[in-house]
Amino acid sequence: MRVVIVTESFPPDVNGVAHCALQTARHLVDRGHAPLVVAPATAAGNGPDALAPCPVVRIPSLPLPGYPQVRVALPSRRVAAAITEHRADIVHLASPFVLGVRGMAAATRLGIPAVAVYQTDLAGYARTYVHAGEATAWRRIRSVHAAADRTLAPSSAALQDLEAHGVPRVRLWPRGVDTVRFRPEHRDDALRRQLAPNGELIVGYVGRLAPEKQVELLAGVCGLDGVRVVVVGDGPSQASLSGALPGAVFLGRRTGDELARIFASLDVFVHTGPFETFCQTVQEAMASGIPVVAPAAGGPLDLVAHGRTGLLVPPRDEGAVRDAVAVFAADPALRAAYGAEARRTVEGRTWAAVGDQLIGHYADVLTGRAVVAA
């Protein structure tokens, strides 16, 4: 199968869309298929894509105003040319909004089936950044996804949102997790002593430092006795969070085996953002054997078994986040039990397993097109 993955982000970017696109390309290669990635150019230009398992076509891009870590592709004929030259059987649109819209238009003109993967709560971001525009965002989402042969939602909550806003032909496709890289055995006592020299309970957040993530909700946790908050990631909110989270350790962006070591060295993982369509870092914490505190909204509703692998709290509630962490801080046996169950829960959620599900969706779409053509 020849697949063109048109993605709004790709490594070296560090985010859920980029990571999922990379894992998808890797799995397709592993299964003997021929993927091609089309993605915005990085700030460094069109250098070699060392991490990519397949060819990558980079589209000229500009940084998003106010958030330079995000690049937006400029209009270009290269998208349609790439799809044509690759002789694509199917086009995979990863979180389509700008570049993906052009990919969808090209696929339609060329008569090539398209699968659109919904990954970003753009309506929620509109509320956060411009305090308006939610309806406009949904109109754009509905327009591009309605043109696709199938839309894949990462969680039950995302699927319900899409259907409620009139997006047709939606199916569930969750995300995998690297259970070899993220595992409890990577716990590092030397790192723990470095992060918490007085033996404090280590509570971690991993992700972008941006307004929609609401990392400032960890302020109450910073006030708990015997607790050290560790923040991993970067983004436009970093400077303000340094003042909002007294005593927190900011490690900046970490990836790969180093990130896995940090995850496994935590005592509790907290995710604060209420706009996650999935929330990959929750899965990575669970694979590392760490109990989770997360908002009872979006993707975490599918991932966290409340009272068994973690605690779900009301979104945007600083006190509830603090109180949930305090429960774990007071009970080491509870932390161990929840962490062990979290690991057991995700052991079957490998990228190979969900990648095969994706290939099944491709096959369904191609079969459906063939039946219509006949």
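Refer to the preceding data block for the structure.
Not measured: the values here are computed from a predicted model.

A. Here's a closer look at the state of the cysteines. Per the stated rule, a full pass over the model turns up zero disulfides. The thiol of C20 is unpaired, and the distance to the nearest cysteine sulfur, on C54, comes to 14 Å. Residue classification places C20 among the buried residues on the basis of a relative accessible area of 3%. Given the relative accessible area of 11%, C54 is considered buried.

B. The arrangement of the sheet that holds strand β3 (residues 56-59) in detail. On the basis of which strands lie adjacent, the open sheet formed by seven strands has the order β3-β2-β1-β6-β7-β8-β9 and parallel pairing. Either end of the sheet is taken by a strand with one partner, and the two such strands are β3 and β9 (170-172). The average angle at which neighbouring strand axes cross in this sheet is 20 degrees, direction not considered. For strand β8 (residues 150-153) and β9, the ladder comprises three bridges, and the chain directions are parallel. For T151, the partnering residue across the bridge sits in β9 and is V170. Contacting β1 (2-7), β2 (34-40), β3 and β6 (90-94), helix α2 (residues 78-86) runs over the sheet at an angle of about 175 degrees to β2.

C. Quick look at the sheet that holds strand β12 (residues 249-252). Taking strand neighbours across the sheet as the criterion, the six strands line up as β12-β11-β10-β13-β14-β15 in an open arrangement whose pairing is parallel. Strands at the two margins of the open sheet, each flanked by one partner only, are β12 and β15 (310-313). Across the sheet, the axes of successive neighbouring strands diverge by a mean angle of 20 degrees, strand direction being ignored. Here strand β10 (residues 201-206) runs beside strand β13 (residues 268-270); their pairing, made up of two bridges, is parallel. Its bridge partner lying in β13, G204 is registered against F269. Against the sheet, helix α13 (residues 318-329) touches β10, β13, β14 (292-295) and β15, its axis set at about 165 degrees to β15.

D. Spatial organisation of the packing of aromatic side chains. The full count for this structure, using the stated rule, is four aromatic pairs. Taken together, a centroid distance of 6.4 Å and an interplanar angle of 25 degrees make the contact between Y118 and W138 stacked. Note that Y118 is positioned in the loop between β7 (114-117) and α4 (122-130) and W138 in helix α5 (residues 134-147), a separation of 20 residues in sequence. A relative accessible area of 4% means that Y118 is categorised as buried. Ring geometry for F328 against Y338: centres 5.4 Å apart, planes inclined by 80 degrees, an arrangement best described as edge-to-face. You can see F328 sitting in helix α13 and its partner Y338 sitting in helix α14 (residues 332-346), a full ten residues away along the chain. There is no split in this pair, since F328 and Y338 are both buried.

Each value, and the rule that gives it
- Residues numbered from 1 in each chain as written.
- Predicted model: local features only at pLDDT ≥ 70, side-chain atom pairs only at ≥ 80, totals over all residues.
- Heavy atoms only, no water.
- Disulfide = S-S within 2.5 Å.
- Buried < 20%, exposed > 50% of the residue type's maximum accessible area, 1.4 Å probe, protein only.
- Pairing = 2+ DSSP bridges.
- Helix = DSSP H or I, 4+ residues; strand = E, 2+ residues; numbered from the N terminus.
- Axes fitted to C-alpha atoms, helices over the stretch in contact; angles between N-to-C directions.
- Contact = heavy atoms within 4.5 Å.
- Phe/Tyr/Trp six-rings, centres within 6.5 Å; stacked < 30°, edge-to-face > 60°.

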